[in-house]
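Examination of the molecular architecture
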Amino acid sequence: MSEYLEQQTSGLPGKVVLKVEQFDPQNQLPPCAALEPFLPPGTRAWGRINVGVRCNSPVTWTAYLPAQVSVIGEYLVTTRPIRSGQIVAPADLERRSGDLSSEAANTLTDMTQAVGHSMRYTVAAGSPLRADMLRLPQAIRQGQTVKVLGSGASFTVANEGRALNAAAAGEAVRVRLGNGQVISGTARTDGTVELNF
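All values derive from a computational prediction rather than experimental measurement.

**What about the overall build of the protein chain?**
- The helix and strand inventory of the protein chain stands at one helix and 14 strands.
- By its C-alpha atoms, the protein chain is 65 × 45 × 20 Å across when sized along the principal axes.
- With 197 residues in all, the protein chain has 36% of them scored as buried.
- Across the protein chain, the fraction of contacts at a sequence separation of at least 24, relative to all contacts at a separation of at least 6, is 50%.

Here is the structure:
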């Protein structure tokens, strides 16, 4: 189980710490020849999650185990109050180390992501800095045709659709695909939309 989560978390920024609860020794599940771990659809290996365990032989069954995926790394925090419209300077920020999985998904980790951009609204000193607090240049315009990319444990999908809202890199964007389905993803700097499975 830990090996599977290590594969799923490779490439995450920082040091990954995994805790997976074990099966209750008094469980009533039949013995299994080979367990197959998986993440439920729409789940990513981040924070508090449930990891699925599937048995296909000799009897088919599925169970879920609670797990905690902590990602210890540095993120940006404001050193003083920053007013709405103010341009962020290096002196306005400091690095703090902690569990990134307990912070908002769009918490910034690199000074170059923030310095030189203006604030959307006033932020208190000591606040973790998130991308949505800044006025960032748009990576995707509303109505733009965008490429949609998604990948999972053993697959990659690509599609094309029309953006329903404008978004800067790292922000959420909704896309209407050619079949009419509306999906949500994350805008990337190159103008593509990334799906998380």
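Okay, back to it.
**As for the confidence of the model for the protein chain**
- Across the protein chain, the average pLDDT comes to 90, with 98% of residues at or above 70.
- Element-level pLDDT for the protein chain is lowest in strand E14 (residues 193-196), with a mean of 84, against a maximum mean of 95 in strand E5 (residues 93-99).

**A short note on the state of the cysteines**
- One pass over the structure, following the stated rule, counts one disulfide.
- The disulfide bridge from cysteine 32 ends at cysteine 55, spanning 2.2 Å between sulfur atoms. With the S-S dihedral at roughly 105 degrees, the linkage between cysteine 32 and cysteine 55 falls on the right-handed side. One end of the pair, cysteine 32, is in the loop between strand E1 (15-20) and strand E2 (35-38); the other, cysteine 55, is in strand E3 (residues 47-55), with 23 residues separating them in the sequence.
- When its relative accessible area of 26% is taken as the criterion, cysteine 32 is described as partly exposed.

Conventions adopted
Residues numbered from 1 in each chain as written. Predicted model: local features only at pLDDT ≥ 70, side-chain atom pairs only at ≥ 80, totals over all residues. Heavy atoms only, no water. Helix = DSSP H or I, 4+ residues; strand = E, 2+ residues; numbered from the N terminus. Buried < 20%, exposed > 50% of the residue type's maximum accessible area, 1.4 Å probe, protein only. Contact = heavy atoms within 4.5 Å. pLDDT = per-residue confidence, 0-100. Disulfide = S-S within 2.5 Å.

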